[in-house]
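Spelled out from the first residue to the last, the chains are:
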Amino acid sequence: MVTINENYLKLSGGYLFTEIGQKVAKFKAENPEASVISLGIGDVTKPLPPTVIKSLHQAVDEMAQPETFRGYGPEVGYDFLINKIIEAEYRSRGIELETDEVFISDGSNCDTSNIQEIFGIENVVAVTDPVYPVYVESNVMAGRGGDLNSLGGFERIVYLSCKAENGFVPELPRQRVDIIYLCYPNNPTGTTLSKTELKKWVDYARENQSVILYDAAYEAFIKEEGVPHSIYEIEGAMEVAIEFRSFSKTAGFTGTRCAYTVVPKRVVGYTRQGTIVSLNQLWNRRQTTKFNGVSYIVQRGAAAIYTREGQRQIRELIDYYMTNASIIREGLMRMGFQVFGGVNAPYVWFKIPGGMDSWTFFDKLLREAHVVGTPGAGFGPSGEGYCRLTAFNTRENTIKAVERIECRLKLCERNSN
Ligand code: PLP
C-alpha cells in the first residue's frame, strides 16, 4: 500500500489563485455579457522589452550552429548572467558577492518554496501576516506547519501580524524562531521596511542563530529614497540572510521564467550536535542534484536587461505599472477608502469598510463592479478585512476598473473608516 504525504491534507482548499480563478470562471459563465477586469493575480500584461527579444532571438540562432550550440548548462547558472547581476544589482550598492554565491533559477516561487528543504524539520518558522502563501504552504507540505487553527493559520507557524494599527511593521516574536520569511516591498500589502526596522531583524537573527529568508521580488519598484533594495545593505546581514530576486515583475519574465537567489557563504546553519554548516554548500548540493538550470536562451534574454537600452526599457515598464498603482491608490483614497502600498510596490492594499469580510467583499466587487481583487484573508489571518488590487493590468483597464468601483460599488459606509 502506497502511503501519501499526509501534510498535504492539512492544506485548506486549493491554491488561492486557483480558487479565485474558479470563482471568476463561474461568474463569467453565469454572466456572459459582463466584461470582467482582473486586478487580482499579480501577473504582468506588457510584452518583453525589445532588447530582451533581440537577445533571445540571437541565442536561438546560436543553438542552430554546431560551434555555438549549448547542451546541459551549469545548474546554478551561466557566469555571464551571474556576473552582470553582481555588478549591476549589488556592487553598485557597495555589496560584494562572489560568483558562486548567486544561483540562477526559474523562479522565486520555486526558490522560496524549495529553500526550506535544506533546514531541519524541527525549526520554528515565522512569517509576516498577511503573507505570500508559498512560504507557509511549502513548510506545511514539509511538516513544519502543524494543523490549521480556527483563525485560518497553522498552529506551529508564528504569524507576525501586520495591520494598519502597527503601520504594517512586524514586531519581533516573543518566542524564539529559527526561520524568518520577510518580503519587502511586501506582497500583498505593498509596504516597505526602513533600514532601522530591518536592522532589528538582522540583529535578532544574529543573536538567535536564526536565518532570514528575504524575498525582494519587488525591489525594482522602490521609488522612495532610503528604502533598502537589498537586505545586504544592513550591517551583519551577510551572515544571516538569503535573498531572493526575480525577473518576473521587473522585466516581464512571468512566462519566460528567470530569477536568482543569493546565498552568501558566511550564512550558516547547525547540525543537532552544533557543527556549523554553510547554507551555500547545501543549496548548491540541492540545486545541482534536483534542478537542471535555466535554459541558455532564457539566461541570454535576462542578461540583456543589463545593457543600457535594457535598463531604459525595464524602467519604462516599471514606471507604466507604477502609474497604474497611483491611479488605483488615488482613486480609492478619493472614494474614502483607507489605502496602503502602491508607492514602492505594484500592490495596493485597502481596508474594507463596514466590517465586511474579505471573501464577501471579493464577491461584491465582482458582482457589482465586474472587477477581480484578491481577498486579504487568502494571505493569512491578519489579511481579513482587507483587499488587494494589482497594478499589472493595462492603463485603460486600470482606469476603467477604478471608475467602476467608484460608480457601481454600493458601499454606503464607505466613508465611515
Ligand atoms: N515572491 C513574491 C513575493 C511574489 O509575489 C511572487 C510572484 O507573484 C514570487 C515570489 C514568484 O516569482 P516568480 O515568478 O519568480 O516565481
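What you see is a predicted model; the values in this text were computed from it and never measured.

Visitor: What exactly am I supposed to notice about empty space enclosed by the protein here?
Guide: In total, this model carries 1 cavity of 30 Å³ or more according to the counting rule given. Each pocket or cavity is described by its volume, and for the largest cavity that value is around 40 Å³. Thr128, Asp129, Pro130, Cys162, Phe168, Tyr184, Asn186, Thr189 and Thr191 are the residues that line the largest cavity. Class assignment of the residues belonging to the lining of the largest cavity gives a composition of 4 nonpolar, 4 polar and 1 charged.

Visitor: Please explain the site of the ligand as it appears in this structure.
Guide: Residues in contact with the ligand amount to 14 residues; listed here are only the nearest, Asn187, Asp215, Tyr218, Ser246 and Ser248. Residue Asn109 places a main-chain N or O atom 2.8 Å away from an oxygen atom belonging to the ligand. In a pocket analysis with a 2 Å cut-off to the grid points, the ligand is assigned to the largest pocket. When residues of the shell around the ligand are traced back to their parent elements, those giving at least two are helix H4 (108-114) and helix H7 (248-251). Of the residues contributing to the shell around the ligand, the split by class is 5 nonpolar, 6 polar and 3 charged.

Visitor: Got a minute to help me understand the sheet that holds strand S15 (residues 386-390) in this structure?
Guide: Strands belonging to one sheet form pairs held by backbone hydrogen bonds; the direction of such a pair is parallel or antiparallel. In spatial order, the strands read S11-S12-S15-S14; together these 4 strands make up an open sheet with antiparallel pairing. Strands with a single pairing partner mark the edges of an open sheet, and in this sheet they are strand S11 (339-341) and strand S14 (374-375). Two strands pair when backbone bridges link them, and S11 and strand S12 (residues 347-351) are joined in this way by 3 bridges, in the antiparallel orientation. Its bridge partner lying in S12, Phe340 is registered against Trp349.

Visitor: How should the layout of surface pockets be read in this particular structure?
Guide: Summary: where empty space remains is shown by rolling a probe the size of a single water molecule over the atoms. A volume near 480 Å³ is recorded for the largest pocket. Forming the walls of the largest pocket are 22 residues, and the residues nearest its centre are Gly42, Asn109, Tyr132, Tyr218 and Lys249. At the level of elements, H4 and H7 are the ones that each hand at least two residues to the lining of the largest pocket. Ranked by residues supplied to the lining of the largest pocket, first place goes to H4 with 3 residues. Taken together, the residues that form the lining of the largest pocket break down as 9 nonpolar, 8 polar and 5 charged.

Visitor: I keep staring at the domain arrangement of the chain and nothing clicks. Help me out?
Guide: Accessible area lost during the coming together of the parts is what is often quoted as the interface size. Considered domain by domain, the chain is made up of domain 1 (6-47 + 309-416) and domain 2 (52-307). Using only C-alpha atoms to locate each centre, domain 1 and domain 2 end up separated by 25 Å. Opposite the 38 residues of domain 1 that make contact, domain 2 presents 50 residues. Summed over both partners, the interface of domain 1 with domain 2 comes to about 3,500 Å²; 61% of that surface belongs to carbon and sulfur atoms. Put simply, domain 1 and domain 2 have 1 salt bridge between them. Asp147 is the partner of Lys10 in a salt bridge, and the nearest nitrogen-oxygen pair spans 3.1 Å. Viewed at the interface, domain 2 and domain 1 are joined by 17 residue pairs in polar contact (both at pLDDT 80 or more). Secondary-structure elements contributing two or more residues to the side of domain 1 that touches domain 2 are helix H10 (308-334), S11, S12 and S15.

Visitor: How should I be thinking about the packing of aromatic side chains in this particular structure?
Guide: For any pair of aromatic rings, the description consists of the separation of the ring centres together with the inter-plane angle of the planes. Under the counting rule described, the total for this entry stands at 25 aromatic pairs. Plain terms: the ring middles of Tyr90 and Tyr232 are 6.3 Å apart, the flat faces sit at 55° to each other, and that makes the pair tilted. Taken together, the residues Tyr90 in helix H3 (residues 79-90) and Tyr232 in the loop between strand S6 (211-215) and strand S7 (241-246) connect sequence positions 142 residues apart. For the pair formed by Tyr90 and Tyr232, the shared burial category is buried. When the centroid spacing of 5.8 Å and the interplanar angle of 75° are considered together, the rings of Phe350 and Phe361 count as edge-to-face. Taken together, the residues Phe350 in strand S12 and Phe361 in helix H11 (residues 358-369) connect sequence positions 11 residues apart. For Phe361, a relative accessible area of 0% puts it in the buried group. One aromatic cluster in this structure is built from Phe17, Phe168, Phe340, Trp349, Phe379 and Tyr386. The residue whose ring lies beneath Arg300 is Phe80, and the NZ or CZ to ring-centre distance is 3.7 Å. Between Lys351 and the ring centre of Tyr386, over which it is positioned, the NZ or CZ distance is 4.9 Å.

Visitor: Help me out: how do you make sense of the side chain of Asn208 in this one?
Guide: On the secondary structure map, Asn208 appears in helix H6 (residues 195-208). Overall, the relative accessible area of 17% leaves Asn208 in the buried class. A polar contact is formed between the side chain of Asn208 and the backbone oxygen of Tyr204, at a distance of 2.8 Å.

Visitor: When you look at the pairing of strand S2 (residues 102-105) in this model, what are you seeing that I'm missing?
Guide: Taken residue by residue, a regular strand's side chains alternate between the two faces of the sheet. Side chains of S2 alternate between two faces, with Val102 and Ile104 and Phe103 and Ser105 buried alike. Of the strand pairs in this sheet, S2 and strand S8 (residues 259-262) are connected by 4 bridges, and their pairing is antiparallel. Residue Ser105 lies in a different strand from S8, and its bridge partner there is Ala259.

Visitor: What am I meant to see in the pattern of salt bridges here?
Guide: Inspection of the entire model under this criterion finds 23 salt bridges. Between Glu117 and Arg286 there is a salt bridge whose closest N-O contact spans 3.2 Å. Taken as a pair, Glu117 in the loop between H4 and strand S3 (125-129) and Arg286 in helix H8 (residues 279-290) lie far apart in primary sequence, 169 residues in all. Of the residues examined, Arg286 reaches a relative accessible area of 12% and is grouped as buried. Here Glu368 ties to Lys364 by a salt bridge, and the two come within 2.9 Å at their closest N and O atoms. One end of the pair is Glu368 and the other is Lys364, both in helix H11 and 4 residues apart, which spans about a single turn. Taken individually, Glu368 and Lys364 each receive the classification buried, so the pair is uniform in this respect.

Conventions we followed
Residues numbered from 1 in each chain as written. Predicted model: local features only at pLDDT ≥ 70, side-chain atom pairs only at ≥ 80, totals over all residues. Heavy atoms only, no water. 1 Å grid on protein atoms, 1.4 Å probe; cavity = no way out; pocket = protein on both sides within 12 Å on 5 of 7 lines; lining within 4 Å. Points joined across faces, edges and corners; volume = space filled by probe spheres on them. Nonpolar A, V, L, I, M, F, W, Y, C, P; charged D, E, K, R; others polar. Near = heavy atom within 4 Å. Polar contact = N/O pair within 3.5 Å; in protein donor to acceptor, adjacent residues only side chain to side chain. Sits in = over half its atoms within 2 Å of the grid points. Helix = DSSP H or I, 4+ residues; strand = E, 2+ residues; numbered from the N terminus. Pairing = 2+ DSSP bridges. Domains from an automatic or database assignment. Contact = heavy atoms within 4.5 Å. Buried area = accessible area lost by both parts, 1.4 Å probe. Salt bridge = Lys/Arg side-chain N within 4 Å of Asp/Glu carboxyl O. Phe/Tyr/Trp six-rings, centres within 6.5 Å; stacked < 30°, edge-to-face > 60°. Buried < 20%, exposed > 50% of the residue type's maximum accessible area, 1.4 Å probe, protein only. Lys NZ or Arg CZ within 6 Å of the ring centre and 35° of its normal.

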